[in-house]
Amino acid sequence: MSTEVTKSPAAAPPGAGGSGGAAGENLLQLVIGGLRRNMRQYGMLLALGLIVAVFAVWTDGDLLLPRNVSNLVLQNSYVLILAIGMMLVIIAGHIDLSVGSVTAFVGAFAAVLTVEHGVSWPVAVVLCLLAGAAAGAAQGFFIAYLGIPSFIVTLAGMLIFRGFTEILLEGQTLGPFPDGLQKMGNGFLPEVGPHTNYHNLTLLLGLALIVFAVFQEVRDRRRQREFSLDVVPLNLFLLKLVSIVAAILVVTMLLASYKGAPIVLLILGALVVGYGYVMRNSVFGRHIYAIGGNLPAAKLSGVKDKKVTFFVFLNMGALAALAGLAIAARLNAASPKAGLNYELEAIASSFIGGASMSGGVGTVLGAIIGGLVLGVLNNGMNLLSVGTDWQQVIKGLALLAAVGFDVWNKRKSGS
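Residues numbered from 1 in each chain as written. Predicted model: local features only at pLDDT ≥ 70, side-chain atom pairs only at ≥ 80, totals over all residues. Heavy atoms only, no water.

1. Let's talk about the environment of Ala402
(1) Moving on: Secondary-structure assignment places Ala402 in helix H16 (residues 388–414).
(2) Moving on: As a C-alpha pair, Ala402 and Gly43 span 359 residues in sequence and 9.2 Å in three-dimensional space.
(3) Moving on: Filtering out sequence-adjacent residues up to four positions away, Ala402 remains in contact with Met44, Phe351 and Ile352. (Helix = DSSP H or I, 4+ residues; strand = E, 2+ residues; numbered from the N terminus. Contact = heavy atoms within 4.5 Å.)

2. Focus on the side chain of Thr154
(1) Moving on: By the secondary structure assignment, Thr154 is in helix H6 (residues 150–169).
(2) Moving on: On the basis of relative accessible area, Thr154 is assigned to the buried category, the value being 0%.
(3) Moving on: There is a polar contact of 3.5 Å between the side chain of Thr154 and the backbone oxygen of Phe151. (Buried < 20%, exposed > 50% of the residue type's maximum accessible area, 1.4 Å probe, protein only. Polar contact = N/O pair within 3.5 Å; in protein donor to acceptor, adjacent residues only side chain to side chain.)

3. Some thoughts on the nonpolar core
(1) Moving on: Core analysis: the biggest nonpolar cluster contains 67 residues, and Leu82, Ile84, Met86 and Ile288 have the highest contact counts within it.
(2) Moving on: Once residues lying within four places of it in the same chain are set aside, the contact partners of Met86 are Asp96, Val99, Met316, Glu343, Ala346, Ile347 and Ser350.
(3) Moving on: Among the nonpolar cores identified, the runner-up in size contains 15 residues, and Leu48, Ile51, Ile352 and Val373 belong to it. (Core = buried A, V, L, I, M, F, W, Y, C linked by side-chain atoms within 4.5 Å.)

4. Side note on the side chain of Gln391
(1) Moving on: Residue position: Gln391 is located in helix H16.
(2) Moving on: Exposure remark for Gln391: the relative accessible area of 7% places this residue in the buried category.

5. Topic: helix H5 (residues 121–144)
(1) Moving on: Here H5 is 24 residues long and its end C-alpha atoms lie 34 Å apart, about the 34 Å a rise of 1.5 Å per residue gives.
(2) Moving on: Among the residues of H5, Ala124, Val125, Cys128, Gly132, Ala133, Ala135, Gly136, Ala137, Gln139, Gly140, Ile143 and Ala144 are the ones counted as buried.
(3) Moving on: Of the surrounding secondary structure, the elements contacted by the buried residues of H5 are helix H4 (99–116), H6, helix H7 (179–186) and helix H13 (305–331). (Expected span 1.5 Å × (residues − 1).)

6. Some remarks on helix H10 (residues 263–281)
(1) Moving on: Counted at 1.5 Å a residue, the expected span for H10 with its 19 residues is 27 Å, and the 27 Å between its end C-alpha atoms agrees.
(2) Moving on: All buried positions along H10 are accounted for by Val264, Leu268, Leu271, Tyr275, Gly276 and Met279. Projected onto a plane normal to the axis of H10, the buried residues spread over an arc of 120° and lie on a single side.
(3) Moving on: Those residues of H10 hidden inside the fold are in contact with helix H3 (66–91), H7, helix H11 (283–293), H13 and helix H15 (364–383). (Arc of directions from axis to C-beta.)

7. Brief notes about unusual backbone geometry
Peptide bonds are trans in most cases, and residues, glycine excluded, mostly fall at negative phi.
(1) Moving on: Cis geometry is adopted by the peptide bond preceding Pro176, which originates at Gly175 and carries an omega value of -5°.
(2) Moving on: Tracing the backbone through its elements, the reader meets Pro176 in the loop between H6 and H7.
(3) Moving on: Non-glycine residue Asp60 carries a positive phi angle of around 55°.
(4) Moving on: Tracing the chain through its elements places Asp60 in the loop between helix H2 (39–58) and H3.
(5) Moving on: Looking at Asp60, the relative accessible area reads 71%, which means it is exposed.
(6) Moving on: In this structure, Asn332 takes a positive phi of about 60° despite not being glycine.
(7) Moving on: Along the polypeptide, Asn332 turns up in the loop between H13 and helix H14 (342–352).
(8) Moving on: With a relative accessible area of 22%, Asn332 lands in the partly exposed category.

8. Quick notes on a nonpolar patch on the surface
(1) Moving on: A cluster of nonpolar residues, Phe141, Phe142, Tyr145, Leu146, Ile148, Phe151, Ile152 and Leu155, forms a patch on the protein surface that exposes about 710 Å² of accessible area.
(2) Moving on: Secondary structure elements with two or more residues in the nonpolar patch: H5 and H6.
(3) Moving on: When residues in the nonpolar patch are grouped by element, the largest group, three residues, is from H6.
(4) Moving on: Summarising the element assignment, Ile152 is placed in helix H6. (Patch = residues over 30% accessible without salt bridge, like charges linked within 9 Å, V, L, I, M, F, W, Y side chains within 5 Å. Areas by Shrake-Rupley, 256 points an atom, 1.4 Å probe, with all protein chains shown as cover. Salt bridge = Lys/Arg side-chain N within 4 Å of Asp/Glu carboxyl O.)

9. Details of the confidence of the model for the chain
(1) Moving on: On average, residues of the chain score 86 in pLDDT, and 88% of them are at 70 or above.
(2) Moving on: The secondary-structure element of the chain with the lowest mean pLDDT is helix H1 (residues 20–37), recorded at 55, while H5 shows the highest, at 96.
(3) Moving on: Below pLDDT 50 for its whole length, residues 1–18 participates in two contacts with residues either more than four positions away or in separate chains. (pLDDT = per-residue confidence, 0-100.)

As structure tokens, then:
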């Protein structure tokens, strides 16, 4: 009589029928564990997805209509541009309260150049960017080399540049802008190729962005493994890739089914890629993190903190100028009241996106996510006809919740 060996369920191969539930539970545990270990990185991204889903249901799908998605990009471009610069300022351990006034000043300067003096719009754009950089450099000099706190310097700058705006415009709204400058805030990519139901050039750009994003994620993971750094589990990494590809594909199809990608979106995309590379891979980016994370240690390591701080504020001024051109071009006029509370929206976007009050923490992508959270909240509440009073309350609660989550996460990590 032959002896038959019976395998226990625990020893069954992965593909066996009885182990499917166990494999699923293991995968779920890996995903949950990865999310817990990377809560700072993924928390706001998940919150953004949840907010989009909730408002899409509440507005009966109006939030995700192609026209509304395009307007969402155009309406929030200036906040996202400011948020990138503000994130760098906050990472360095400072704050900038003047960006709203600088955007208004640059818009007024552009209007005076092009409307009153007939300067060609490309020359006006260059002059405006230089003016914004000079404004940021002036404030950076007082902060970096004279040691005056950034809160005081930029608060003074907020008053000074608001006054200059009133002086330039003499209390009047000035416009319209030349067509070329208007396209910066309202224009779209041109139609190319055969006639289809979609914008061909936008589809090609979306495909290129998917390839670039996947390549970047795979390369970053490979580098982390080469330096023996912690990486997310493979299952979670694949889930992340699928989510990125799906998100880019959805946005691309929505934009391509309307008028295509707005020109300001291309400008914003170039800024995200460029600044993301600088903060991840350049010496200058590492120095910004160093002086914000531990200034005495950074000085001992040879970091030229004054020079870095100076250029951080110079950069903030240039980006504020770019945002001022974008919003002025969208409105097709410069107004003395432009830029009100822009600095608060940029600061809120940075903190919602993962920046820390103590400095040394934050990412460019996080700033974009934070800005999109505020943008979707604004857009969704407008579609639901929520009053501006309650909109302010809800956005304030969102900021408080984001910062509270960050504090809780750091305490939990420390314990």
